Amino acid sequence: MLEHFYFRLIQPNLSKRIIQCRSLHIMSGILMIIYALQFLADFQESWMLLLALLPPAILIIVLAIFKKKMITELNNNRVFRILEVGFLFMGCLHYLKTNQFFPAGLFGFFATFLLYILYIENRLFSFQYIDVTKDGVAIAMPTHTKKIPWSLISHIVVKDDYFTIEMHDQQISQYRIHNSLTDEEYFQFVQYCSKQRQVA
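Here's what I pulled together on the structure shown here. None of these values were measured; they are calculated from a predicted model. (Residues numbered from 1 in each chain as written. Predicted model: local features only at pLDDT ≥ 70, side-chain atom pairs only at ≥ 80, totals over all residues. Heavy atoms only, no water.)

## As for the overall build of the protein chain
Item 1. Tallying secondary structure elements over the protein chain gives six helices and seven strands in all.
Item 2. By the compact-globule yardstick of 16 Å for 200 residues, the protein chain is too spread out, its C-alpha radius of gyration being 24 Å.
Item 3. Expressed along its principal axes, the backbone C-alpha trace of the protein chain runs to roughly 75 × 35 × 25 Å.
Item 4. When contacts within the protein chain are restricted to residue pairs at least 6 apart in sequence, those whose partners lie at least 24 apart make up 60%.
Item 5. Per element, the accessible surface of the protein chain, about 12100 Å² overall, is 62% carbon and sulfur. (Helix = DSSP H or I, 4+ residues; strand = E, 2+ residues; numbered from the N terminus. Rg over C-alpha atoms; globule rule 2.2 N^0.38 Å. Contact = heavy atoms within 4.5 Å. Areas by Shrake-Rupley, 256 points an atom, 1.4 Å probe, with all protein chains shown as cover.)

## A few points about the side chain of Arg-123
Item 1. You can see Arg-123 is positioned in helix H5 (residues 101-124).
Item 2. Among buried charged residues, Arg-123 stands out as having no salt bridge; its nearest opposite-charge side chain is Asp-131, 9.6 Å away.
Item 3. Reaching out from Arg-123, the side chain makes a polar contact with the side chain of Thr-145 at a distance of 3.4 Å.
Item 4. Not counting chain neighbours up to four residues away, the residues in contact with Arg-123 comprise Gln-128, Ala-140, Met-141, Pro-142, Thr-143, His-144 and Thr-145. (Buried < 20%, exposed > 50% of the residue type's maximum accessible area, 1.4 Å probe, protein only. Lys, Arg positive; Asp, Glu negative; His and termini not counted. Salt bridge = Lys/Arg side-chain N within 4 Å of Asp/Glu carboxyl O. Polar contact = N/O pair within 3.5 Å; in protein donor to acceptor, adjacent residues only side chain to side chain.)

## Remarks on helix H2 (residues 43-66)
Item 1. The sharpest bend along H2 reaches about 40° and sits at Leu-49.
Item 2. Three or more residues of H2 are buried, namely Ser-46, Leu-50, Leu-53, Pro-56, Ala-57, Ile-60, Ile-61, Leu-63 and Ala-64. (Bend = angle between axes of the 7 residues up to and from the residue.)

## Topic: the nonpolar core
Item 1. The biggest cluster of nonpolar side chains holds 25 residues, and the ones touching the most others in it are Met-32, Tyr-35, Leu-53, Leu-88, Phe-107, Phe-110 and Leu-114.
Item 2. When contributions to this core are tallied by element, the ones reaching two or more residues are helix H1 (14-37), H2, helix H4 (74-97) and H5.
Item 3. Beyond its immediate chain neighbours, meaning those up to four positions away, Tyr-35 contacts Leu-53, Phe-87, Met-90, Gly-91, His-94, Tyr-95 and Phe-107.
Item 4. Residues Leu-9, Ala-140, Val-158 and Phe-189 belong to the second largest nonpolar core, which totals 21 residues. (Core = buried A, V, L, I, M, F, W, Y, C linked by side-chain atoms within 4.5 Å.)

## Quick word on the packing of H1 against H2
Item 1. Interhelical geometry of H1 versus H2 gives an angle of 155° and a closest axis separation of 8 Å. Relative to H2, the element H1 lies roughly antiparallel. When the axes of H1 and H2 are compared, the crossing they make is left-handed. In this structure, H1 contributes Arg-22, His-25, Ile-26, Gly-29, Ile-30, Met-32, Ile-33, Tyr-35 and Ala-36 to the contact, and H2 contributes Leu-50, Leu-53, Leu-54, Pro-56, Ala-57, Ile-58, Ile-60, Ile-61, Ala-64 and Ile-65.
Item 2. Across the contact of H1 with H2, the residue classes break down as 16 nonpolar, two polar and one charged. (Axes fitted to C-alpha atoms, helices over the stretch in contact; angles between N-to-C directions. Parallel < 35°, antiparallel > 145°, perpendicular 65-115°, else oblique. Left-handed = near helix turned anticlockwise from the far one by under 90°. Nonpolar A, V, L, I, M, F, W, Y, C, P; charged D, E, K, R; others polar.)

## Concerning the packing of aromatic side chains
Item 1. Under the definition given, this model contains 13 aromatic pairs.
Item 2. A centroid spacing of 5.5 Å and a plane angle of 50° characterise the contact between Phe-5 and Tyr-192, whose relative ring orientation is tilted. Taken together, the residues Phe-5 in strand S1 (residues 5-9) and Tyr-192 in helix H6 (residues 183-199) connect sequence positions 187 residues apart. No difference in accessibility class separates Phe-5 from Tyr-192, as the two residues are buried.
Item 3. Between the aromatic rings of Phe-110 and Phe-113, the centroid separation amounts to 6.4 Å while the plane-to-plane angle is 40°, which identifies the pairing as tilted. Of this pair, Phe-110 and Phe-113 both sit in helix H5, three residues apart, which is roughly one turn of that helix.
Item 4. In this structure Phe-110 comes out as buried when scored by relative accessible area, which is 8%. (Phe/Tyr/Trp six-rings, centres within 6.5 Å; stacked < 30°, edge-to-face > 60°.)

Structure representation (structure tokens):
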């Protein structure tokens, strides 16, 4: 009998998350342009910084608007986020050096926030699963993995594209999944869940 079952989650509101991701790329690009424009006044001495900042910023904005699938692909998104965070931290340090504390705080806060968003996006844009093992049920969430021991579980039902957990306290949680179990695997899954609940 199988002792490890997993179900791929269907992310709710994924299209909304993609829109939010693109919006943050556009905001990052705008902040990078604002930071770059201050070097125009001293173009002869700072032209290399200007060229290092403006083309990536414009590229990020253009891709976020016109190439939404490309910029939200997992690896591409990670590369652009790291680029944005690096330039924004560079802007933060520059403003601190010139005693401009408000823009320094703004750039520093936004760069730190993007690092947190990158962690969430890496989870959202990759496959996430519900794992059923002898330790219980582990459900991948946007920010963490929710673990439920068998001692708290009353029933588990997998029907069509839904995975439903009922707890002993009558709390019910339901998740959309890609259900790829065969009839034989489903029978083993029901037997396995029943056995684990009895042991717990």
